[in-house]
Amino acid sequence: KTRTMSEEAKQQPQLQQQQQQQQEQQEQQEQQEQQERQHPVEWSLDSWRQRRIAQQPDYPDSGKVEAAIGKIKSLPPLVHSSEILRLRRQLAAAQQGQSFLLQGGDCAERFQDCTSTSIEAKLKIILQMSLVLVWGARMPTVRIGRVAGQYGKPRSKPTEIVDGKEIPCFKGDNINSFEPNAETRVHDPDRLVQGYFHSACTLNYIRSLVTTGFADLHQSKHWDLGYVQNNVNRQKYQQLTNRIVDALDFMSACGADSAHDQVVSSVDFFTSHEGLVMEFESAVTREYEGKYFNTGAHFIWIGDRTRQLDGAHVEYFRGIENPIGIKVGPTMVPEDLVKLIRTLNPTNAPGKITLITRLGAGNVKKMLPPLIKVVQEADLLVLWTCDPMHGNTHKTEQDIKTRSFDAILDELSTTFECHNNTGSRLGGVHFEMTGEDVTECTGGPQNLLATDLHVNYTSYCDPRLNYAQSMEISFRLAAMLAEQRKSKQQQQQQQRKSLEY
């Protein structure tokens, strides 16, 4: 025992020295990070090319790449910088709890779906859901579609086995074809140009719809609830939709035509996609008054597979003015999240960063609170949103990729709970959904089973909520927002009473 105490006494100075060195190294690192935030390395439109890059196409002909990118650079912007800045102001309001973000659309758009019927269905479901959320939250809804550019997808593996042969994976219509053969799966840069024009057509039609009365949903024919099989729920939802329609009709009857048009006949609708193919993203980037805007969409996000701090995507994203989404999955280290936010938004500007958590229903209670804590302690301005889709994907016994409606709802409600318990606020949601009657996710108001998936499974990539499931989610979410609103009102009333006494 005496020898052990003697050895410990000898080791004590060494331990203290090691601890001091570690503390000094940590302080130096913090000082370096602070200096980098105050004086960041000079950014240029091509500085991303000096960084390691992930999930990019492997083009066999560099000459074709140069020709395609040159063509895209010569074409006009798809969106204007003033629209991008308007969205940032709306997201800044959402950060303050003054509005709620609804973002949704296809997992991956397809060129063949650039039709009036398909575009109308996508727009209608988002508008309907947004009105239900407005009713529940009693606050404006910011509407962003995964549309007019969501043609590329990251993949976990570069190849797959089809009929015993290894061929490149389908990475989205703007990279290669879904047809499973070696020739059509070759990465083709001409598809980037096709993607631009399909985005332009889609966006043009959306603009026409939202400014010419399509967004006017006060007619009862737009609110068909026949899909709700549970009679109790159907009656409850019918009462809610009747109240919404009555409220809209009341506004019109009172002669509030201008207000009525602004709220439900003509709305702000923004576009978004994952900023994946860097050649395309830099080609649609334009400079206005010394600042750079990605004019391919109003809002772009960094995926969970491309958010490396020293990677090309982060380097590009930190130089643009667009609002940026960050997908936050189970592998995100809380400290790295803070570094990533500070890199992308060194001035802590409002409306810039949206955090899209996609943790999986079973991981939320364990993983989300530490992430919220570090962001709160760093005093960072962010908008917290929940993507309850990606963390809940699995395959059936028939090897069909699907998602459970119950798991999606569970992650959403648990995320709400975690934010409330930590003094934070869930400010939005992010869904992969469609306005069509597909059969890709199990459960929901139609009680779809795994054996029903083959009936109308049309997704080329991940499963989406169909119209019925999307509306069911919106009603459930509206109830959560209404409960949150009432709880806040009760707290305010109690505070006023305590001050009076």
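Quick look at the structure, then. Model, not experiment: these values are computed from the prediction.

So, the sheet that holds strand 14 (residues 428–432)
To summarise the sheet geometry, strands pair through backbone hydrogen bonds and adopt either a parallel or an antiparallel arrangement. One closed barrel holds the eight strands; their spatial order is 1-2-5-8-9-10-11-14, and the pairing between them is parallel. Each adjacent strand pair in this sheet contributes to an overall mean axis angle of 25 degrees, direction not counted. Where strand 8 (residues 299–302) meets strand 9 (residues 324–328), three bridges bridge the pair, whose relative direction is parallel. Bridge pairing links Ile-300 to Ile-324 in strand 9. This element, helix 10 (residues 334–344), spans strand 8, strand 9, strand 10 (353–357) and strand 11 (383–386) of the sheet and lies at about 165 degrees to strand 9. The sheet strands contacting helix 11 (residues 364–377) are strand 9, strand 10 and strand 11, and the helix crosses strand 11 at an angle near 165 degrees.

Brief notes about the nonpolar core
Nonpolar side chains in soluble globular proteins tend to end up buried together. Grouped together as the largest cluster of nonpolar side chains are 62 residues, with contacts concentrated most on Leu-412, Phe-431, Leu-465, Ile-473 and Leu-477. Considering each element in turn, this core owes the most residues, 10 residues, to helix 4 (residues 116–137). Setting aside anything within four residues of it in sequence, one finds Leu-412 in contact with Cys-386, Pro-388, Leu-426, Val-429, Phe-431, Ile-473 and Leu-477. Core analysis: the second largest hydrophobic core is formed by 34 residues, Val-328, Leu-355, Leu-368 and Val-374 among them.

Let's talk about the side chain of His-187
Assignment of secondary structure puts His-187 in the loop between strand 4 (165–168) and helix 5 (190–211). Within the structure, His-187 has its side chain in polar contact with the backbone nitrogen of Asp-58 (distance 2.8 Å). Those residues within four positions of His-187 in sequence are excluded, and the remaining contacts are Pro-57, Asp-58, Tyr-59, Pro-60, Pro-168, Lys-171, Ile-175 and Asn-176.

Some words on the environment of Phe-269
As for its position among the elements, Phe-269 is in the loop between helix 7 (257–265) and strand 5 (270–274). Distance in space between the C-alpha atoms of Phe-269 and Leu-123 is 9.0 Å, their sequence separation being 146 residues. Ignoring any residue separated from it by four or fewer positions in sequence, one finds Phe-269 in contact with Leu-123, Ile-126, Arg-143, Gly-145, Val-147, Ile-206, Val-210 and His-298.

Re the pairing of strand 13 (residues 401–404)
With three bridges joining them, strand 12 (residues 393–395) and strand 13 adopt antiparallel strand pairing. In the sheet register, Lys-395 faces strand 13, and the bridge partner there is Lys-401. Between strand 12 and strand 13, which follow one another and run antiparallel, lie five residues, and Asp-399 among them has a positive phi close to 65 degrees. Pairing of strand 13 with strand 15 (residues 441–442) involves two bridges; the strand directions are parallel. Among the inter-strand pairings, Ser-404 is bridged to a residue of strand 15, identified as Thr-442.

Regarding the pattern of salt bridges
For the structure shown, the criterion picks out 23 salt bridges. Linking Glu-160 and Arg-185 is a salt bridge whose minimum nitrogen-to-oxygen distance equals 2.7 Å. Within this pair, whereas Glu-160 is found in strand 3 (residues 159–162), its partner Arg-185 is found in the loop between strand 4 and helix 5, the two being separated by 25 residues in sequence. The class of Arg-185 is buried, set by a relative accessible area of 2%. A cluster of three or more residues bridged by salt bridges with shared partners is formed by Arg-146, Lys-153, Lys-401, Arg-403, Glu-432 and Asp-462.

A short note on the environment of Leu-371
Here Leu-371 is to be found in helix 11. A C-alpha to C-alpha distance of 8.0 Å links Leu-371 and Val-333, two positions 38 residues apart in sequence. If near-sequence neighbours (up to four positions away) are discounted, Leu-371 is found in contact with Val-328, Met-332, Pro-334, Leu-337, Leu-359 and Trp-384.

So, the sheet that holds strand 15
Spatially, 12-13-15 is the arrangement adopted by the three strands of the open sheet, whose pairing is mixed. The strands lining the two open edges of the sheet, one partner per strand, are strand 12 and strand 15. The sheet strands contacting helix 12 (residues 405–421) are strand 13 and strand 15, and the helix crosses strand 13 at an angle near 55 degrees.

What counts, and at which threshold
Along every chain, residues carry numbers that run from 1 in the direction the sequence is written. Per-residue local features are limited, in this predicted model, to residues with pLDDT of at least 70; the limit for side-chain atom pairs, both in listing and counting, is 80 or more; totals at the level of whole chains, interfaces and linings are taken over all residues. As a convention, hydrogens and water are excluded, and side-chain values are obtained from all of the structure's heavy atoms. Whether two strands pair comes down to DSSP finding at least two bridges between them. Under the DSSP-based scheme used, a helix requires at least four consecutive residues in state H or I and a strand at least two consecutive residues in state E, with every element numbered from the N terminus. The axes used here are C-alpha line fits, helices contributing only the stretch in contact, and every angle between their N-to-C directions lies in the interval 0 to 180 degrees. Here, two residues are considered to be in contact whenever any of their heavy atoms come within 4.5 Å of each other. We call a set of buried Ala, Val, Leu, Ile, Met, Phe, Trp, Tyr and Cys residues a nonpolar core when their side-chain atoms join them within 4.5 Å. Remark: exposure states derive from per-residue accessible area (1.4 Å probe, protein chains only) relative to the maximum for the residue type, with buried under 20%, exposed over 50%, and partly exposed in between. Polar contact is defined as a pair of N or O atoms within 3.5 Å, subject to the rule that within protein one atom must be able to donate a hydrogen and the other to accept it, and that residues adjacent in sequence are counted only when both atoms are side-chain atoms. Salt bridge criterion: a side-chain nitrogen from Lys or Arg within 4 Å of a carboxyl oxygen from Asp or Glu.

None of this, on its own, says anything about what the molecule does.
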